[in-house]
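Structural features, examined
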Amino acid sequence: MSLREHALFLFRSAVGTVQPALMLQRAVKLQGDGCPQLLVKGRAFPVKRDLYLVGFGKAVLGMAAAAEEILGDHLVRGIINVPLGIQESLQRAGMREMLLKPHSKIQVIEGAKNNLPDPAALKGAVAIQELAEGLTADDLLLVLISGGGSALLPAPIPPILLEEKEKLTKMLASQGADIRELNIVRKTLSLLKGGGLARLAHPAQVVSLILSDVIGDPLDIIASGPTAASSHSVQDCLQILTKYNLLHNLPKSVETVLSSSPTKPTASEDYSHVCNIIIGSNTLALDEAKRQAEGLGYATLILSTAICGEVGHVAMLYCQLIQLVCLGFASLGEGPLSDAVRGNLLQLAAELAIPGLNLAEFLQTLRELGPERPVCILAGGETTVQLQGSGKGGRNQELALRVGLGLHRAQATEVSPPGRCEIVFLSAGTDGQDGPTEAAGAFCSPQMVAEALREGLDVEAFLRNNDSYTFFSQFQGGHHLLVTGLTGTNVMDIQAILIRAMKRS
Ligand SMILES: Nc1ncnc2c1ncn2[C@@H]1O[C@H](COP(=O)(O)OP(=O)(O)OP(=O)(O)O)[C@@H](O)[C@H]1O
Ligand SMILES: O=C(O)[C@H](O)CO
């Protein structure tokens, strides 16, 4: 198998292990006939009378299918909002276990094309709101939440219009706001986010099962925390709008809502009827990829499950890491060149401030790996892209293109470690959709940029226009694109770097 096939296999293994049904089955059980109890990760919730289900997010269809199997006749009714086209995509991919049965009690509403809220998602949100409002103290509401839930549960506070909220979110995202910043703003302008759904469902017992797609698994940021007490206030929102220079350009409706928002976070309110439980995250996916990579004979290290920061900086970090591994393969792991690369890496990591990353320790472990075995470095997280151009792309494809360019440039240097190694880099979204494109991500190698030039494709020009998808679609007939279709799950992005010494002929 080629390195590329290995990388693809690792990605698929990682995604396979965080299939929603699997995670739900691991976490949830229904026990007892007379007075049944819902058992979630060791916690018991009595089912006093009726059990309802709502859900929203990219992984929720499979979660709901598994939940319905477990809940059986105890489930009275459910409504889920899932991405447009997901049922067809999963059906086409033969993933029947992710689909609801023909006479399901769960109503499915598809919407939010390209992860943007739309009237269909709004209709679903209204239906979920109505269901929550009608509950009593004897009811239990099971809430299934996954990434993409923010766009799939839009409920702007009147008089804000859906388009106004969408435009503001888009402006923030295009200027490089991270998901925390985006969702603090979304929470302030929404009825159901920031704990709103849980408040409406009171006095029913609310149990939320959450598949995390946010670094550090913060309950009040994932899908904008519809059932979590918010630790943010309107001041936090105003600060973010100020940071991105948007405060003086707001629609009147947004100004009205901001000026009448409570100044305290909702955390002070009573959430004793709510229990939020994380049932899966990027860590699970990377652990499985590591297991598989070791099985393939790689010395495997997980760099971090919290990779974040501006995509160009993250690309530099990966290029320098690859360079360091190649220096090791070339028996140049000790010496001034390696020391310089290590120094660059430490500085880059300090600038990126990746939570929990102890790069010095990681580099020490890397140093101790012998040159006998190929190396696999795995990472997960979510970068941010500051859009400058009008091209089509996503953060994974942009990252792969930037890493390709960095490796190409490194090859041109005097000591050319990447030239002595075989290298494949893959970055892809576990949800199968990278930005508004049909690809999950892309592969790159150190040869890619030179080969593209021979096809008349100028990588730097594509990058200037944030046009990574167009580049990868045109280059070698799309061979470097990873197209999986919607996977039905979502635990952020994954990077795999595979390196082995070049065979001497
Ligand atoms: N032309 C482009 N080039 C690079 N990145 C882009 C481009 N257009 C959009 N993006 C990036 O794509 C991201 C949005 O993609 P997507 O909808 O897949 O987000 P997501 O974070 O995976 O969604 P969620 O977390 O809600 O599941 C934004 O970060 C945005 O900056
Ligand atoms: O939906 C969202 O807000 C993002 O996917 C983060 O959870």
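See the structure above.
Below you will find a few notes about this structure.

Parameters and conventions
- Residues numbered from 1 in each chain as written.
- Chains lettered and ligands numbered in written order.
- Predicted model: local features only at pLDDT ≥ 70, side-chain atom pairs only at ≥ 80, totals over all residues.
- Heavy atoms only, no water.
- Axes fitted to C-alpha atoms, helices over the stretch in contact; angles between N-to-C directions.
- Helix = DSSP H or I, 4+ residues; strand = E, 2+ residues; numbered from the N terminus.
- Parallel < 35°, antiparallel > 145°, perpendicular 65-115°, else oblique.
- Left-handed = near helix turned anticlockwise from the far one by under 90°.
- Contact = heavy atoms within 4.5 Å.
- Nonpolar A, V, L, I, M, F, W, Y, C, P; charged D, E, K, R; others polar.
- Patch = residues over 30% accessible without salt bridge, like charges linked within 9 Å, V, L, I, M, F, W, Y side chains within 5 Å.
- Areas by Shrake-Rupley, 256 points an atom, 1.4 Å probe, with all protein chains shown as cover.
- Salt bridge = Lys/Arg side-chain N within 4 Å of Asp/Glu carboxyl O.
- 1 Å grid on protein atoms, 1.4 Å probe; cavity = no way out; pocket = protein on both sides within 12 Å on 5 of 7 lines; lining within 4 Å.
- Points joined across faces, edges and corners; volume = space filled by probe spheres on them.
- Domains from an automatic or database assignment.

Things to note about the packing of helix α1 (residues 3-17) against helix α12 (residues 282-295)
The contact between α1 and α12 brings their axes to 8 Å, and the two run at 135°. Judged by the angle between their axes, α1 and α12 are oblique. Remark: the crossing between α1 and α12 carries right-handed chirality. Along its contact with α1, which presents Phe-9, Leu-10, Ser-13, Ala-14 and Thr-17, the element α12 presents Leu-284, Ala-285, Glu-288, Ala-289, Gln-292 and Ala-293. For the contact of α1 with α12, a count of residues per class yields seven nonpolar, three polar and one charged.

Observations concerning a nonpolar patch on the surface
On the surface, a nonpolar cluster with roughly 270 Å² of combined accessible area is contributed by Met-1, Phe-9 and Leu-296. Residue placement: Met-1 occurs in the segment before α1.

Observations concerning empty space enclosed by the protein
According to the stated counting rule, one finds three cavities of 30 Å³ or more in the structure shown. Within this model, the largest cavity holds a volume of roughly 90 Å³. Lining the largest cavity are Asn-115, Leu-116, Pro-117, Ser-150, Ala-151, Pro-154, Lys-165, Glu-166, Thr-169, Lys-170, Arg-186 and Lys-193. Those elements that provide at least two residues to the lining of the largest cavity are α6 (149-152) and α7 (162-174). Counting residues per element, the lining of the largest cavity draws most heavily on α7, which supplies four residues. Along the lines of polarity and charge, the residues of the lining of the largest cavity split into four nonpolar, three polar and five charged. Residue assignment places the lining of the largest cavity across two domains, with domain 1 (20-155 + 194-223 + 269-280) and domain 2 (156-189 + 231-264) each supplying three or more.

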